[in-house]
Amino acid sequence: MTGTVMTDVPDISVEWYRDIVDFADGTPQPVHWFATHFTEGAVLLLGVLLLLAAATRLLGGDIRGRALALAAPVSVLMAYGGSEGLKDLVAEDRPCRRPADLVIVAAHCPPAGDWSFPSNHATMAGALAAATLLLHRRIGLVAVPLALLAALSRTFIGVHYPHDVAAGLLLGALVGTLLTPLAARPLAEALRWRVRRAARRPLTHPARR
């Protein structure tokens, strides 16, 4: 499914984009290199934080905590799927493909058809941070600013407008916060059923000699 290319980008978002990119363009080349690699690696770092938070619930939590840990990846995947659907529906072109907004910070501009709104990276970052915060508050407090930096970096290197990353963060945070507990409910019931079944299982004794 492919929508009609959206040409009307909010003026304030275009202005902020140009301000951010102009600032980025004036930074040293090592900063460009770091920003380009950080924007790709930040989501992986957030994934590691989510795994750490989930491990604390799986290894030392109650049934609800273990269910939340199992449901968290589901909510992240659902957030990503939602952002992909919105991309095709809105079909907003990337700023780095518009001559008026051309950027030179990014190593490359995504190909035509890889739409801009909302940012997949920002959506994933928001969902991962929200799910991590639900599972473990301290680890989540590390994940939240990392998610904000991950989203900002997408505009810093010029591949997204600010409203793209803001919408992605909001979408991911909402899905991660709301869907994780909902998905955890049937998982918790399944875990409780498994515990009850194990409790009813007759004990086996070794044969006496």
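Residues numbered from 1 in each chain as written. Predicted model: local features only at pLDDT ≥ 70, side-chain atom pairs only at ≥ 80, totals over all residues. Heavy atoms only, no water.

J.: Where do I start with the confidence of the model for the protein chain in this structure?
T.: Detailed reading of the predicted model is not advised wherever pLDDT is low. Overall, the predicted model of the protein chain reaches an average pLDDT of 82, with 83% of residues at or above 70. Ranking the elements of the protein chain by mean pLDDT puts helix α6 (residues 162-200) last, at 82, and helix α4 (residues 120-135) first, at 93. The low-confidence segment residues 1-6 (pLDDT under 50) makes 17 contacts with residues lying over four places distant or belonging to another chain. (pLDDT = per-residue confidence, 0-100. Helix = DSSP H or I, 4+ residues; strand = E, 2+ residues; numbered from the N terminus. Contact = heavy atoms within 4.5 Å.)

J.: Explain the packing of α4 against helix α5 (residues 137-156) to me, please; I cannot follow it from the model alone.
T.: When two helices pack together, their arrangement is given by the angle between their axes and by how far apart the axes lie. Across the interface, α4 lies against α5 with an axial gap of 7 Å and an inter-helix angle of 170°. When the interaxial angle is binned, α4 and α5 end up roughly antiparallel. Contacts between α4 and α5 pair His121, Ala122, Ala125, Gly126, Ala129, Thr132, Leu133 and Leu135 from the former with Arg137, Ile139, Gly140, Leu141, Ala143, Val144, Ala147, Ala150, Ala151 and Arg154 from the latter. By residue class, the composition of the contact of α4 with α5 is 12 nonpolar, four polar and two charged. (Axes fitted to C-alpha atoms, helices over the stretch in contact; angles between N-to-C directions. Parallel < 35°, antiparallel > 145°, perpendicular 65-115°, else oblique. Nonpolar A, V, L, I, M, F, W, Y, C, P; charged D, E, K, R; others polar.)

J.: Would you explain the nonpolar core in this entry?
T.: Most often, soluble globular proteins keep nonpolar side chains buried together rather than apart. Of all hydrophobic cores here, the largest spans 36 residues; its most connected members are Leu46, Leu49, Leu50, Val76, Leu128, Leu135 and Ala147. Broken down by secondary-structure element, the contributors of at least two residues to this core are α2 (29-60), α3 (63-90), α4, α5 and α6. Grouped together as the second largest cluster of nonpolar side chains are six residues, Ala24, Ala35, Phe156 and Ile157 included. (Core = buried A, V, L, I, M, F, W, Y, C linked by side-chain atoms within 4.5 Å. Buried < 20%, exposed > 50% of the residue type's maximum accessible area, 1.4 Å probe, protein only.)

J.: How should I be thinking about a nonpolar patch on the surface in this particular structure?
T.: A surface patch of nonpolar side chains, about 380 Å² in accessible area, is lined by Leu58, Leu59, Leu70 and Leu187. By secondary structure assignment, the location of Leu59 is in helix α2. Residue Leu59 is classed as exposed on the basis of its relative accessible area of 78%. (Patch = residues over 30% accessible without salt bridge, like charges linked within 9 Å, V, L, I, M, F, W, Y side chains within 5 Å. Areas by Shrake-Rupley, 256 points an atom, 1.4 Å probe, with all protein chains shown as cover. Salt bridge = Lys/Arg side-chain N within 4 Å of Asp/Glu carboxyl O.)

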